[in-house]
Amino acid sequence: MSVRAMTAPGHESLYSGGMRSWLTTVDHKRIGVLYGISALFYFVVGGVEALIIRLQLASADGTVVGADTFNQLFTMHGTTMVFLVLMPLSAALFNYMIPLMIGARDVAFPRLNAFSFWTFLFGSLLLNLSFLVGNPPDAGWFGYANLTSKQYNPGMGIDFWLLSVQIMGIASIASAVNFTVTILNMRAHGMSLMRMPLFVWMALIVQVLMLLAFPPITVAFIYLMFDRFFGTHFYIPDAGGTPILWQHLFWIFGHPEVYILILPSFGVVSEVLPTFSRKPLFGAPFMIFSGILIGFLGFGVWSHHMFTTGLGAVADTAFSLATMLIAIPTGVKIFNWIATLWGGHIHFKTPLYFAVGMVGLFIIGGLSGIMHASPPVDIQQHDTYFVVAHLHYVFFGGTVFGLFAGIYYWWPKITGRMIGEGLGKLHFWLMFIGMNLTFFPMHFLGMDGMPRRIYTYAADLGWERWNLIATVGAFVIAVSVLVFFVNAVRSVRAGEPAGGDPWDGATLEWTMSSPPPEYNFAIVPVVNSARPFWLHKFGPTRDISTRTREEGTPPQPDTPPERIDLPSPSGWPILAALGLSLVGGGALVGLWLVLVGVAVLVFGVYRWAFQPLERLGHPTFGPAPGGGR
Amino acid sequence: MRVDPYERAWMWASAVMIVAFVATIAYGAVTQSYHPPSHVETIDPKQVWSSPSFQPLGVVERADGSIEVRVIAHMFAFQKPEIEVPAGRRVTFRLSSVDVIHGFQIVGTNANTMVMPGYVSEFTTVFEKPGEYLIVCNEYCGLSHHVMHAKLIVTPRAR
């Protein structure tokens, strides 16, 4: 009897229902899917922006786009990839997987979760609305003051940017609160913190980072908003303000943001490697504490983005030391991943390809990061293409590969169907080759002095060859993404049914059918191990080659033995999110629209607050309560 | 209100830490005159062109025999666009911006600084190898950021 037969057929009905059911859903799984689809859509948008940038730079004196369009493209590419792709793609996996992995039936605040998603979506639409108005932001994703001032940037682009990123910041803070509470309060009985899966641990650290990092950027944005809308002078040097303030506030957010983007991928890799090496994660407690240490030190390194600002030797030394310290916990993680693979019975599946690829590529990005930690070296490389190479090895090689490992790993759980191994591996190899072709030559360009964010360069500078190679690489990446979408569509249409536990996993999400039922767990499990499902299947042993539990013993019954009540769907969160976005958008149109937005927001929040969680028609499962009335 | 003893202890500990940190900073700033070592030299960006510390622009020999180079960065050029300094001598660059933040990177060396409006950026370096160096603005400064560059010529040292 195969492993797959162990669990009941998947609950495909999870995704059925019309548009209305999606707009009012409070189910963490459906919200996770919404996050994932939005993020992948924006991944294509940001990718197309990158392709145009690469076409423009493919040869000297390029004429594909104008200088103004080029500046808008790299601004939107950066903003899109950070806020509209990597963060929501992590949020998609957090939403879908965290409750399943900790043995919960939903997140702590299901309607706040819906509010987070819709706020994010409306904020991202507001940002991209700037394209339709014909005035996208053009000051870089980092928006250094005072180039963003009314004097030097009178158009509406910067306003779109600062308002939409603030709106998305509210979404992030709301979901950070939600997931912190979920992880701390809603774990199944017996799941102590040290038994929690690494992915959930990294997610917890990310939530804390978001909670602490978004307030400084909000302050920075509010100052900028006041400068632009109400004529204050926080960043205007002519009037005694200082642009350095922006740099500090931005990077106090900006560097923890780097860890917000990379730690989810660390978490995914820490789940994928043990599953496909058939071994527990090597030194799991060290992995947890390294993650905490990375998050903690992440707040003490922001000025390494500012070594050329001229803060003086004392500040440069302190920030240089703190930055180098981060290499220690990061190194611990990398060695532990390698040690996890060492001596394992390795199953070469697509998720493992991406996870191993992530480890290798992230090492390259990490090594160039250590170079930047030294001010004299950094000063040579600051704002050159060397930094572009570094950050793309971290975000593309690290985050994107890690998240794709997660997508391939959990795809059967989410869709209930297997995804093609052949196309998956083709996707991996194309993306791996394309990524190295694109970003490795940028190291050479940077050392040769090519500055970032230049729209053209002269032929006699000798930068043409590597730029052309980088452009070719970018198109190889584009093809690999196309392969992924073909694979995804084929899997959804005609993929082989996955069963509950296709990879013989160790954690709780594999104990239920794929896709899971609305209520997740028919019986909330009692956890006795960091690898509860391996314990269930193989007994208390480190050798997981032979099952002790009789095959076919289902970990979860098909129908719940007791009645389960789920929170009813609600349309008020989406209304409140709409109101919030109208407030932001109204700032660009007129006071009347702001007031309409406030009214909608207040009304939405009011109705939301007084809506009973359970009312007539809310979903229930299992037997009706006994002693009928 | 009942507060758990552990929680109470942590609340007190955090409060004490905050008070201690703030007191340390205040004590250092008031009695020891510690200040963050950033940009101690400020300048009104509207007065840079006429400021005596930038007159004349370009290369100036100081009384002590060292060399001072004065550069003003503006959208989208450096004044002056061509700088000539001798090899093997201490060269102090003094820069300021009249509009937005610019960068001043001498390609192939580790001479690189931001040029901030409202501040004078200063650094000292020695060029050992004679030749022509490209100077680029590497801090994104607007529409024609890509054309903002200058030239540094290092002449062989006098024998």
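Residues numbered from 1 in each chain as written. Chains lettered and ligands numbered in written order. Predicted model: local features only at pLDDT ≥ 70, side-chain atom pairs only at ≥ 80, totals over all residues. Heavy atoms only, no water.

**A closer look at the domain arrangement of chain A**
All names here are of chain A.
Piece 1. Per the domain assignment, the segments making up chain A are domain 1 (55-545) and domain 2 (566-616).
Piece 2. Taken together, the contact pairs 19 residues of domain 1 with 17 residues of domain 2.
Piece 3. Across the interface of domain 1 and domain 2, roughly 1,600 Å² is buried in total on both sides, 82% from carbon and sulfur atoms.
Piece 4. Inspection of the domain 1/domain 2 interface yields two residue pairs in polar contact (both at pLDDT 80 or more).
Piece 5. For the side of domain 1 that touches domain 2, the secondary structure elements donating two or more residues are helix H4 (110-133) and helix H5 (157-185).
Piece 6. Per element, the largest residue contribution to the side of domain 1 that touches domain 2 is 10 residues, and it comes from H4.
Piece 7. Broken down by class, the residue content of the side of domain 1 that touches domain 2 amounts to 14 nonpolar, two polar and three charged. (Domains from an automatic or database assignment. Contact = heavy atoms within 4.5 Å. Buried area = accessible area lost by both parts, 1.4 Å probe. Polar contact = N/O pair within 3.5 Å; in protein donor to acceptor, adjacent residues only side chain to side chain. Helix = DSSP H or I, 4+ residues; strand = E, 2+ residues; numbered from the N terminus. Nonpolar A, V, L, I, M, F, W, Y, C, P; charged D, E, K, R; others polar.)

**Let's talk about the interface of chain A and chain B**
Piece 1. Contacts between chain A and chain B engage 41 residues on the former and 33 residues on the latter.
Piece 2. Interface area, chain A with chain B, both sides summed: about 2,900 Å², of which 61% is carbon and sulfur.
Piece 3. For the chain A face of the interface with chain B, the top three residues by lost area are A:Leu147, A:Tyr152 and A:Asp238, together amounting to 17%.
Piece 4. For the pair chain A and chain B, the interface holds zero salt bridges.
Piece 5. Here chain A is connected to chain B by 12 residue pairs in polar contact (both at pLDDT 80 or more).
Piece 6. Taken together, the elements giving at least two residues each to the side of chain A that touches chain B come down to helix H3 (67-102), helix H7 (244-277), helix H9 (313-341) and helix H11 (375-381) of chain A.
Piece 7. By residue number, the principal contributor to the side of chain A that touches chain B is H3(A), which donates four residues.
Piece 8. Of the residues in the side of chain A that touches chain B, the class split is 20 nonpolar, 14 polar and seven charged. (Salt bridge = Lys/Arg side-chain N within 4 Å of Asp/Glu carboxyl O.)

**Structural notes on the packing of H7(A) against helix H12 (residues 385-415) of chain A**
Residues and elements named next belong to chain A.
Piece 1. At their nearest, the axes of H7 and H12 sit 8 Å apart, and the two run at 45° to each other. One finds that H7 runs oblique with respect to H12. Both H7 and H12 take part in a crossing whose hand is left-handed. Contacts from Val258, Leu261, Ile262, Ser265, Val268, Val269, Glu271, Val272, Thr275 and Phe276 in H7 reach Val394, Phe395, Gly398, Thr399, Gly402, Ala405, Gly406, Tyr409 and Trp410 in H12.
Piece 2. Here the contact of H7 with H12 is built from residues that sort into 12 nonpolar, six polar and one charged. (Axes fitted to C-alpha atoms, helices over the stretch in contact; angles between N-to-C directions. Parallel < 35°, antiparallel > 145°, perpendicular 65-115°, else oblique. Left-handed = near helix turned anticlockwise from the far one by under 90°.)

**Looking at the nonpolar core**
The nonpolar side chains of a soluble globular protein tend to be buried with one another.
Piece 1. With 211 residues, the main nonpolar core has A:Phe83, A:Trp246, A:Trp337, A:Trp410, B:Phe93, B:Phe104 and B:Leu152 as its most contacted residues.
Piece 2. Examining the composition of this core, we find that 23 residues originate from one element, H3(A), more than from any other.
Piece 3. With sequence-adjacent residues up to four places away left out, A:Trp410 is seen in contact with A:Leu93, A:Met97, A:Met101, A:Phe199, A:Val268, A:Glu271, A:Glu509 and A:Trp510. (Core = buried A, V, L, I, M, F, W, Y, C linked by side-chain atoms within 4.5 Å. Buried < 20%, exposed > 50% of the residue type's maximum accessible area, 1.4 Å probe, protein only.)

**Some words on the domain arrangement of chain B**
Piece 1. Structurally, chain B comprises domain 1 (1-36) and domain 2 (45-155).
Piece 2. Distance between the C-alpha centres of domain 1 of chain B and domain 2 of chain B: 44 Å.

**Details of the pattern of salt bridges**
Residues and elements named next belong to chain B.
Piece 1. Considering all chains together, one arrives at 18 salt bridges over all chains under this definition.
Piece 2. Across the pair Glu68 and Arg62 runs a salt bridge, and its minimum N-O distance is 2.7 Å.
Piece 3. We classify Glu68 as buried; its relative accessible area is 8%.
Piece 4. With a shortest N-O distance of 4.0 Å, Lys151 and Glu132 are connected by a salt bridge.

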